[in-house]
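Given next are the chains, with one letter for each unit.
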Amino acid sequence: MLDSRLRALPYLALVLNALVWGLSWWPLRELQTAGLHPLWSSAATYLLGSVAIVLFRPTVFREFLAHPALWWLALAAGTTMVGFNWGVSIAEVIRVVLLFYLMPIWAVLLARLVLGEPITLGAMLRVLMAFVGALLVLSPPGTLSLALPSNLGEWLGLLGGVAFALNNILLRHQEARTAQARLFAMFVGGVLAPAAVAAVLAWVLGAGNAVVQWPVVPGVYGWGVLMLFAVSLLLANYGLQYGASRLPANVTAVVMLSEVVFATVSAIVLGSEVLTLQTAVGGSMILMAAALSAWSNPDPH
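A brief report on the enclosed structure follows. Source: prediction; values computed, not measured.

What about the side chain of Thr264?
Mapped onto the secondary structure, Thr264 falls in helix α13 (residues 258-271). Owing to a relative accessible area of 14%, Thr264 belongs among the buried residues under this scheme. In this structure the side chain of Thr264 is engaged in a polar contact, spanning 2.7 Å, whose partner is the backbone oxygen of Val260. Sequence-distant contacts of Thr264, defined by excluding residues within four places in its chain, comprise Ile94 and Leu275.

The structure is reproduced here in structure tokens:
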């Protein structure tokens, strides 16, 4: 009995990670209501994580500075945070998350450009499946057309998915670096990119704009949500590291798709969103393409 429970721990750790990210839209919106834009709250939570990593492993900072390729990883991770966290805060969570998970399309193209991997027939079919699924999600009800994202939040979800696909490609590209250095690079990106975008927009658009304001000190409730969100992200990332290091990469990728389920259910229950049949069918095609992409790349361990 104990052995079976221990074997289940990596799966549970990955589900924890997916649960935290599937519910992440709620604290981000709560903080936004308290006056802290999602970009600023993202930067604050990842700053806490960056400090914790340096305190635990001081050498990661030197390794990060010594390898410029890790800077690109930081940029990809930070752009992912800008796209996903901002997107789910201002648009329909279900649509943003599904557009984020169009990763099979971008992963095929980026793997070709960065790693020189061939584009196989199977990869082309998965891209086609994901593309048709995206059209169903974006098209008006009862139609199938070459529709584009209809608002900033959906464009941000799309951007976040592209950046996350690049993030995963660069993680493979930088396998020679220590896991702590790669993790630190991602956390540094999670601080710098959102903060830089927020600062530029706040400065360019000026005081009183409706897009991004300079950060304000949150009240007691805001601080509580911020700290809880930061701790949950640290636990989620630990869960990802624990699970991913003990399971094949393809299994990890498939389990992580449960994030879409958590995001969808929570958006319906807490956010009063509606999942239409057309969106459900399109989303299923996107998730199937992602799952097939994961299973087509077996991991030897």
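Digging into helix α3 (residues 38-56)
Between its terminal C-alpha atoms α3 stretches 27 Å, which fits the 27 Å expected from 19 residues at 1.5 Å a residue. Within α3, the full set of buried residues consists of Pro38, Leu39, Trp40, Ser41, Ser42, Ala43, Thr45, Tyr46, Gly49, Ser50 and Ile53.

Topic: the environment of Pro215
The residue Pro215 is located in the loop between α10 (179-205) and α11 (220-244) in this model. When residues no more than four places from it in sequence are discounted, the contact partners of Pro215 are Leu36 and Trp40.

With respect to the packing of aromatic side chains
Evaluated as defined, the whole model comprises eight aromatic pairs. Each ring, one from Phe84 and one from Phe100, has its centre 5.0 Å from the other, and the planes form 65°; the classification is edge-to-face. Taken together, the residues span a long stretch of sequence, with Phe84 in helix α5 (residues 68-90) and Phe100 in helix α6 (residues 93-100) at a distance of 16 residues. When sorted by exposure, Phe84 lands in the same class as Phe100, which is buried. The interplanar angle of 25° and the centroid separation of 5.5 Å between the aromatic rings of Phe100 and Phe164 together place this pair among those described as stacked. On the criterion of sequence distance, the pair formed by Phe100 in helix α6 and Phe164 in helix α9 (residues 152-173) is long-range, its members being 64 residues apart. Overall, the relative accessible area of 25% leaves Phe164 in the partly exposed class. Cluster of aromatic residues (ring-pair linked, three or more members): Trp21, Phe84, Phe100, Tyr101 and Phe164.

Here's the deal with a nonpolar patch on the surface
Together, Trp26, Tyr221, Val261, Val265, Ile268, Val269, Leu270 and Leu275 give the surface a local cluster of nonpolar side chains, amounting to about 750 Å² of exposed area. Within the secondary structure, Leu275 sits in the loop between α13 and α14 (277-295). We classify Leu275 as partly exposed; its relative accessible area is 38%.

Considerations on the packing of α3 against α5
Packing of α3 against α5 leaves a shortest axis separation of 9 Å and a crossing angle of 130°. The angle between α3 and α5 places the two elements in the oblique class. Here α3 and α5 pass one another in a crossing that is right-handed. Where α3 approaches α5, its residues Pro38, Leu39, Ser42 and Tyr46 are matched on the opposing element by Met81, Val82, Asn85, Trp86 and Ser89.

Regarding the pattern of salt bridges
Applying the stated rule across the entire model yields two salt bridges. Where Glu63 meets Arg177, a salt bridge forms, and the shortest distance between an N and an O atom there is 3.8 Å. Of this pair, Glu63 sits in helix α4 (residues 59-66) while Arg177 sits in the loop between α9 and α10, placing them 114 residues apart in sequence. A relative accessible area of 17% places Glu63 in the buried class. Judged by relative accessible area, Arg177 falls into the partly exposed class, the value being 21%. Between Arg95 and Glu154 there is a salt bridge, with its nearest N and O atoms 2.6 Å apart. Note that Arg95 is positioned in helix α6 and Glu154 in helix α9, a separation of 59 residues in sequence. Judged on exposure class, the residue Arg95 and its partner Glu154 are both buried.

Points about the packing of α6 against α13
Packed helix pairs are specified by the crossing angle of their axes together with the interaxial distance, meaning the distance between the axes. Taken N-terminus to C-terminus, the directions of α6 and α13 make an angle of 165°; their axes are 9 Å apart at the nearest point. On the basis of their axis angle, the class for α6 and α13 is roughly antiparallel. Along this stretch, α6 crosses α13, giving a crossing that reads as right-handed. Across the interface between the two elements, Val93, Ile94, Val97 and Leu98 from α6 touch Val260, Ala263, Thr264, Ala267 and Ile268 from α13. A breakdown of the residues in the contact of α6 with α13 according to their chemical character gives eight nonpolar, one polar and no charged.

Quick look at the nonpolar core
Of all hydrophobic cores here, the largest spans 56 residues; its most connected members are Tyr46, Phe64, Val88, Val97, Tyr101 and Leu102. Once residues lying within four places of it in the same chain are set aside, the contact partners of Val97 are Phe84, Val88, Val260 and Ala263.

Reading the values: rules and limits
Numbers given for residues are sequential positions, taken from 1 along each chain in its written order. Confidence filtering applies because this is a predicted model: local features only for residues at pLDDT of at least 70, side-chain atom pairs given and counted only at 80 or more, and all residues used for totals across whole chains, interfaces and linings. The basis for the side-chain values is all heavy atoms of the structure; hydrogens and waters are excluded. A run of H or I in DSSP counts as a helix once it spans at least four residues, and a run of E counts as a strand once it spans at least two, with each numbered from the N terminus. Working definition: with a 1.4 Å probe on protein chains only, accessible area under 20% of the residue-type maximum means buried, over 50% means exposed, and in between means partly exposed. Under the rule applied, a polar contact is a pair of N or O atoms within 3.5 Å (in protein, one hydrogen donor and one hydrogen acceptor; residues adjacent in sequence only if both atoms are side-chain atoms). We call two residues contacting when some pair of their heavy atoms lies within 4.5 Å. One less than the number of residues in a helix, times 1.5 Å, gives the span that helix is expected to have. Ring pairs shown here join Phe, Tyr and Trp side chains whose ring centres sit within 6.5 Å, with only the six-membered ring taken for Trp; geometry is labelled stacked below 30 degrees between planes, edge-to-face above 60, and tilted in between. Only residues whose relative accessible area exceeds 30% and that form no salt bridge enter a patch; like-charged residues are grouped when within 9 Å of one another, and nonpolar side chains (Val, Leu, Ile, Met, Phe, Trp, Tyr) when within 5 Å. Residue burial considers only the protein chains on display, and all accessible areas are found by Shrake-Rupley using a 1.4 Å probe. The term salt bridge refers to a pairing of a side-chain nitrogen on Lys or Arg with a carboxyl oxygen on Asp or Glu at a separation within 4 Å. For every element, the axis is a line fit to its C-alpha atoms; helices are fit only across the contacting stretch, and the angle between N-to-C directions ranges from 0 to 180 degrees. The scheme is simple: roughly parallel for angles under 35 degrees, roughly antiparallel for over 145, roughly perpendicular for 65 to 115, oblique for anything else. It is the rotation of the near helix from the far one that decides the hand of a crossing: anticlockwise by less than a right angle makes it left-handed, clockwise makes it right-handed. For this classification, Asp, Glu, Lys and Arg are treated as charged, while Ala, Val, Leu, Ile, Met, Phe, Trp, Tyr, Cys and Pro are nonpolar and the rest, including Gly, are polar. Among buried residues, the Ala, Val, Leu, Ile, Met, Phe, Trp, Tyr and Cys ones that are joined through side-chain atoms within 4.5 Å form a nonpolar core.

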